[in-house]
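The lines below spell out each chain.
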Amino acid sequence: MEKIKNVVFDLGGVLVGLDFDRCTAAFRSLGMDAVAELINPCYPAEMIGRLEHGDITFHEACDEMRRLSGTPKVTDDEIARAYGAFLTEIPVEKLRQIDRLRRRGFRTYVLSNNNPASMEYIRRMFTADGKSMDAYFDAVYLSCELRELKPSEAIFRKMIAASGMRPEETLFIDDGQKNVDAARELGFSVYMPAHGEDFGHILENLNCHEEDL
């Protein structure tokens, strides 16, 4: 194995906690039961996929949700808050683990299927230890900006081209099996944490005990 120089993190389920039930309950409280039925953390509905691919704006996605659920008076802000209920917190210790990686000379990145509305909530969560999200990463790559979705090869290729990283020198951490499989095919080292797992030991042991990956 090449010496690891870069670490790429997914967001939801890896750095950011997710609460499926809280999200669906929030949509049901708005009378949007039909939207609640579409919420799936692993296999986004076609509409959410188009939003995260950057094909439609958040407002356009909201219009589709209102039509689907027959709730024309629900506002974009109310929908954003309901969708944001999916996101719980980023433990401060995870932020400090990334800090320690960077102090040791590792380059750190994000590669996430995401949309601008959710990112507003996530960026605020990253301030929990007094810094901004950009302080923790060399670059943040989002599906809605790259116009590609994991697990497509194209989104990884775009990240590689933009960052200059070499897959064989990069650890990719994601909680989705298809995403991990796609990264492995391209030569990345991979780790798929279990739900709620504290994988700090993987970060602390980088280039010390790589056989543990």
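These remarks concern the structure in this document. (Residues numbered from 1 in each chain as written. Predicted model: local features only at pLDDT ≥ 70, side-chain atom pairs only at ≥ 80, totals over all residues. Heavy atoms only, no water.)

So, the nonpolar core
Now for step 1: If you look at the biggest cluster of nonpolar residues, it comprises 55 residues, and the most contacted ones within it are F9, L15, F27, F126 and F137.
Now for step 2: Not counting residues up to four positions away in its chain, the partners in contact with L15 are F9, D10, E89, I90, P91, K94, I98, F126, F137 and F199.
Now for step 3: Counting residues in each nonpolar core, the second largest holds 18 residues, with V8, F172, L186 and F188 among its members. (Core = buried A, V, L, I, M, F, W, Y, C linked by side-chain atoms within 4.5 Å. Buried < 20%, exposed > 50% of the residue type's maximum accessible area, 1.4 Å probe, protein only. Contact = heavy atoms within 4.5 Å.)

Some details on unusual backbone geometry
Now for step 1: Residue P151 is bonded to the preceding K150 through a cis peptide linkage, with omega at 10°.
Now for step 2: Within the element layout of this structure, P151 appears in the loop between α8 (143-146) and α9 (153-163).
Now for step 3: You will see that R147, though not glycine, has its phi angle at about 60°, which is positive.
Now for step 4: Here R147 lies in the loop between α8 and α9. (Helix = DSSP H or I, 4+ residues; strand = E, 2+ residues; numbered from the N terminus.)

Quick look at the packing of aromatic side chains
What characterises a pair of aromatic rings is the spacing of the ring centres plus the angle enclosed by the ring planes.
Now for step 1: Counted under the stated rule, the structure contains eight aromatic pairs.
Now for step 2: Each ring, one from F9 and one from F137, has its centre 6.3 Å from the other, and the planes form 65°; the classification is edge-to-face. With F9 in strand β1 (residues 6-9) and F137 in the loop between α7 (116-125) and β3 (139-142), this residue pair connects regions lying 128 residues apart in the sequence. The same class applies to F9 as to F137, namely buried.
Now for step 3: Chaining the aromatic ring pairs together yields one cluster made of F9, F126, Y136 and F137.
Now for step 4: Sitting over the face of the ring of Y121, R124 holds its NZ or CZ atom 4.9 Å from the ring centroid. (Phe/Tyr/Trp six-rings, centres within 6.5 Å; stacked < 30°, edge-to-face > 60°. Lys NZ or Arg CZ within 6 Å of the ring centre and 35° of its normal.)

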